[in-house]
Amino acid sequence: MELAAIMKDKLNAGDNVVALHEGVLLQGWSPKAHRLLALVERNSSFGLFVFTTSRNPPQAFTDLTINFVVPIDNDFKCDIDSLSAESNSDIYINLSARNFKLLMGMDSGHETNNFFNELSRSMELYLKNQQTLDFQWLKKYNTNDLDLELGLMMNINGDNTQNNIITANMAVSENDIPFPSGTHTLSSRESVIQRQMILSEEQYTNAQNFSIYIGTWNVNGQPTMSSLNDWLICDSEPPDIYAIGFQELDLSKEAFLFNDSPREEEWLQAVTKSLNSKGNYRKVSLVRLVGMMLIVFVKNKHMDHVKNVATDTVGTGIMGKLGNKGGVAVRMDFHNTSFCFVNTHLAAHVEEYERRNQDYHNICSRMIFSNFTPPKTVKDHNQVYWFGDLNYRITEMDAISVKDLVRKNNFKTVLEADQLKQQHRAGNVFKGYKEGSINFLPTYKYDPGTNDWDSSEKNRAPAWCDRILWRGNSIKQIAYRSHPNLLISDHKPVSALFESEVKVVDLTKYRKIHEHIMKKLDKAENEYLPQVMVDNTEIIFHKVKFMEPQLKELTVANTGQVPVQFEFIKKLDDSTYCKEWLRIEPFTSFIDPGEKCDITLEVLIDKKSAYKMISGQDKLYDILVLHLEGGKDIFITVTGNYERSCFGCSLETLCYLKVPIKNIPFGKLMELENNKSNFTSDPYPVPKEVWYLVDHLYRHGLKQEHLFEQSGLRSEFIQIRNWLDNGTPDALPGSVHSVAEALLILLDSTSEPIIPYNLHATCLSAVSYYSQCKQIISQLPERSKNVFLYLCAFLQELLNHVNDNKLDVKTIASVFGEIFIRDPPRSRSDKSSHTRTSMSRKKTNFVYHFLVNDQSDLIIGTSF
């Protein structure tokens, strides 16, 4: 019986075989695995079918098993290239689609040319007729018979399967399924099984739609309303999931300085009472940082399918510490799909879009859910919902023009000047995210209690500050709207309703596929060993500078026949797998046969490591051990040269340096740091670098609003650092906010804080008595005492201008309390949240004494 006739019996009526060809898989666990490719047509649409055969050639349609079916559409690609001489085939075929990648070898010749001519014709026909084509007929074919070799090449789970170990978060009982929890470290064999289960996910999951409500509101520090129904119950059917975000929940100094707020419970109760009563919800998690709060609720009936809940917070205020701006996030696994909800409040002011961009990137890089192995970041989720007061404004258009266009509902013209739209199009922020069409009035700024635009002296142009974006496949936005009837704030709340496709496990299919993988793995383990090739075992970083990250890439290629799990492991007697100044991403992963993994190595010398570099206690040198599970270890050396900087030096050393630090030989600098008796000249009373920064702030920043509260730009900090290190006749660069942050970073990077670590406990116990605090300062080493009193004198002058700069003494005392009385290394991690808050209050009170009292008796005899 001819193969075409056998194939026709295998297919549904009306589906026509256009071309057939045989090839050999060049990846997988079984060498020389034969596959049969068929190009099938129905109503001018085409699909590529991949078959295995129980007999070669097949004698009946029962000898054929369909492994995979892929439509010939926009996602489909076919690349042909020559093969290496060691292959038994003449040409190399790379077939790929959205969830499919197939590498095959074929003999060159007339039949092969005909097959790919037909394949090329089908791709051309799709481009001509794509608006009218329907691929529903392909869904009728059963592809549930697992083929592991092909499964190795199918990226079913999106980004999560790229270069990462996939920890399975199955919504099934561990008693029913031998599948370890994703929160534990797994053995190599278990990890391989999990990897293959993820790759085969479509074989044992069914897609179900769930509704997700996202709400965001900047409440401007106002007390809660009795009812939030106009905001939270605006759809006929109750959603399956609520994610509610607030900004400026509490504007009090207690919340700002110590993260304490009674408003948290008030607003939680208000939200809980206003959820759709037909839903019967349970709180999954609540996370708050100062005025940002995020609450996630799920219908009670779904709670058994919610797993691996985790939260994190990131403050993007000055030095990345203060939480008046930043983000809070909740992640969870719902059935077999991972979700991440991120609520953020980005930098304010019309002109500060670069600072907003910086805040976004800081949150992306620093938001880490560390109770997973490897730790998860925001991007490591199937679906991400990012919302909040993003604070992007309308530029290139005055307030009168904006209001006139908005009054005429001409939103399109105004949105062309929207900073978020502009920055998103340019690829500067939210790459990979989508936002629905905006057909509602700007959400900011209103006179509180009204629907009237801002009538204050600033007369701000209306803007869509409050936004909701999403990332991931199988998400459909149903609604995107504001809620103008809620009047208490200068912002209007915003909400969006989504229909989300979630993967739900079929336990029967799951068990069958799990068993099949186990058998395949048993066979593969007996036949093959892992083999990889590393493109470079000597990584060299040149001219590494303080707080300026530098990146290198390392490529690991799987040259063997089985999937490889690698991990960077600790050397004997080491506590971590790499030095503290080095970050490796990913530090553990899977690589399929024929695939590669690009590993990023990032060097960053920050305050924790700068002094060690200058004093010679550490150097840019490390040996990494790349361990292959079931295979050998590969050793990789990392070296580099660190350019000396005033950041990281001790106060004592800086006082003795009369020339820019770049003019001091590195060996001499190391000698001075380790032996102060080598100083031959008289020291400055305070370091010249501290004087330069304070003098600049004294001349240009006394009346600047939010000084020492608002962070600077990282690019400007680099310029300021270079200016201090190199010594240049040019004016000190950067805004006053960047200069203020540079001053704090300089003081925070010294080996010992201004008040030495050995007096830390003494200071905290003395805060109730000013006389005792003065006694501690009078006994400080001379240079430390000078710097302390010099800075306090400047801060007192700064506080003489509170009518202009809007600062208050408690805020300044809090910021400098953390600088003057720095916690000893590794002391914060073992303290409870309550203890840390209590210590912060005491530090604030200690510094407060010196900002409100006369210091003349301490200053007498001190020369500045």
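Rules used throughout
Residues numbered from 1 in each chain as written. Predicted model: local features only at pLDDT ≥ 70, side-chain atom pairs only at ≥ 80, totals over all residues. Heavy atoms only, no water. UniProt positions renumbered as here; feature names shortened; annotations may be inferred. Pairing = 2+ DSSP bridges. Helix = DSSP H or I, 4+ residues; strand = E, 2+ residues; numbered from the N terminus. Axes fitted to C-alpha atoms, helices over the stretch in contact; angles between N-to-C directions. Contact = heavy atoms within 4.5 Å. Core = buried A, V, L, I, M, F, W, Y, C linked by side-chain atoms within 4.5 Å. Buried < 20%, exposed > 50% of the residue type's maximum accessible area, 1.4 Å probe, protein only. Polar contact = N/O pair within 3.5 Å; in protein donor to acceptor, adjacent residues only side chain to side chain. Salt bridge = Lys/Arg side-chain N within 4 Å of Asp/Glu carboxyl O. Parallel < 35°, antiparallel > 145°, perpendicular 65-115°, else oblique. Nonpolar A, V, L, I, M, F, W, Y, C, P; charged D, E, K, R; others polar. Arc of directions from axis to C-beta.

An unreviewed UniProt entry lists the protein under the name phosphoinositide 5-phosphatase, with Aphis gossypii as the source organism. Word for word, the UniProt comment on the protein under Sequence similarities (unreviewed entry) is "Belongs to the inositol 1,4,5-trisphosphate 5-phosphatase type II family."

Taken together, five strands build an open sheet; the order of strands is S12-S13-S14-S17-S18 and the sheet is mixed. At either end of the open sheet lies a strand with only one pairing partner, and these are strand S12 (306–315) and strand S18 (466–471). Shown here is a sheet whose adjacent strand axes are inclined to one another by a mean of 10 degrees, direction ignored. The sheet strands contacting helix H9 (residues 353–366) are S12, strand S13 (326–334), strand S14 (337–345) and strand S17 (383–389), and the helix crosses S12 at an angle near 135 degrees.

Whether parallel or antiparallel, the strands of a sheet pair through hydrogen bonds between backbone atoms. Taken together, the four strands give an open sheet; going across it, the order is S21-S23-S27-S25, and neighbouring strands pair in antiparallel fashion. With partners counted over all chains shown, the strands left at the sheet margins are strand S21 (532–534) and strand S25 (582–585), one partner each. Pairwise comparison of adjacent strand axes, ignoring direction, gives a mean angle of 25 degrees for this sheet.

Another point: the nonpolar core. In this structure, Phe 568, Leu 601, Phe 708, Phe 788, Phe 816, Phe 820 and Phe 846 are the most contacted members of the largest nonpolar core, which totals 105 residues. With ten residues, helix H22 (residues 782–799) is the single largest residue contributor to this core. Contacts of Phe 816, omitting those with residues within four sequence positions, involve Phe 708, Leu 744, Leu 747, Leu 795 and Val 847. Counting 49 residues, the second-largest nonpolar core is a separate cluster that includes Ala 255, Val 296, Cys 465 and Ile 475.

Turning next to unusual backbone geometry. In the segment running from Tyr 444 into Lys 445, the intervening peptide bond is cis, with an omega of 5 degrees. Within the secondary structure, Lys 445 sits in the loop between helix H12 (419–425) and S18. Looking along the chain, the bond that leaves Glu 585 and enters Pro 586 is cis, with omega of -5 degrees. Its identity is not glycine, yet Ser 44 carries a phi of approximately 70 degrees, on the positive side. Unusually for a residue other than glycine, Asn 280 sits at a positive phi of about 55 degrees. Among the structural elements, Asn 280 can be located in the loop between helix H8 (263–274) and strand S10 (281–289).

With respect to the helices, strands and loops of the structure, Ser 840 is situated in helix H25 (residues 833–852). Within the structure, the side chain of Ser 840 is placed 3.2 Å from the side chain of Glu 818, a separation counted as a polar contact.

Here Pro 586 lies in the loop between S25 and strand S26 (588–591). By relative accessible area, Pro 586 is classed as buried at 7%. Sequence separation of Pro 586 and Ile 599 is 13 residues, and the distance between their C-alpha atoms is 6.0 Å.

Tallied over the entire structure, the rule returns 36 salt bridges. Taking the shortest distance from any N to any O, the salt bridge between Glu 266 and Arg 263 comes out at 3.6 Å. Pair noted here: Glu 266 and Arg 263 are both in helix H8, with a separation of three residues, about one helical turn. When its relative accessible area of 34% is taken as the criterion, Glu 266 is described as partly exposed. Looking at Arg 263, the relative accessible area reads 18%, which means it is buried. Here the salt bridges do not stand alone but share partners, grouping Asp 418, Lys 421, Glu 435 and Arg 467 into one network.

Between helix H17 (residues 688–700) and H22, the least distance of the axes is 11 Å, while the angle of their chain directions is 10 degrees. Overall, the two elements H17 and H22 adopt an arrangement that is roughly parallel. Residue-level contacts link Val 690, Trp 691, Val 694, Asp 695, Leu 697 and Tyr 698 of H17 to Tyr 790, Leu 791, Phe 794 and Glu 797 of H22. Classifying every residue of the contact of H17 with H22 by side-chain character gives eight nonpolar, no polar and two charged.

All right, on to the packing of helix H14 (residues 607–615) against helix H16 (residues 666–674) then. Taken N-terminus to C-terminus, the directions of H14 and H16 make an angle of 105 degrees; their axes are 7 Å apart at the nearest point. Put simply, H14 runs roughly perpendicular to H16. Residues Tyr 611, Met 613, Ile 614 and Ser 615 of H14 form the contact with H16, whose own contacting residues are Phe 666, Leu 669, Met 670, Glu 673 and Asn 674. Its residues placed into classes, the contact of H14 with H16 shows six nonpolar, two polar and one charged.

On to the pairing of S14, then. Along any regular strand the residues' side chains alternate between the sheet's two faces. For S14, the tally of buried residues reaches nine of nine residues, placing the bulk of the element in the interior. Burial of S14 is two-sided: the residues Thr 337, Phe 339, Phe 341, Asn 343 and His 345 facing one way and the residues Ser 338, Cys 340, Val 342 and Thr 344 facing the other way are all buried. Inspection of the sheet shows S13 paired to S14 by nine bridges, in the antiparallel sense. Paired with Val 328 across the two strands is Asn 343, which belongs to S14. Pairing analysis gives seven bridges linking S14 to S17, with the strands arranged parallel.

In this section: the pairing of S18. In terms of burial, S18 is largely enclosed, as five of its six residues are buried. Relative to S18, S17 runs antiparallel, the two sharing six bridges. Residue pairing for S18: Gly 388 is matched across the bridge by Arg 467.

Right, let's talk about helix H10 (residues 399–407) for a bit. Ala 399, Val 402, Lys 403, Leu 405 and Val 406 are the residues of H10 that are buried. Projection of H10 onto a plane perpendicular to its axis shows the buried side chains occupying an angular sector of 165 degrees, all on one side. The exposed residues of H10 that point more than 90 degrees off its buried face are Ile 400 and Arg 407. Summarising the contacts, the buried residues of H10 are in contact with helix H11 (411–415). The N-terminus of H10 is capped by Asp 398, whose side-chain oxygen sits 3.0 Å from the backbone nitrogen of Ile 400. One or two positions beyond H10, positive phi appears at Asn 409, with a value near 60 degrees.

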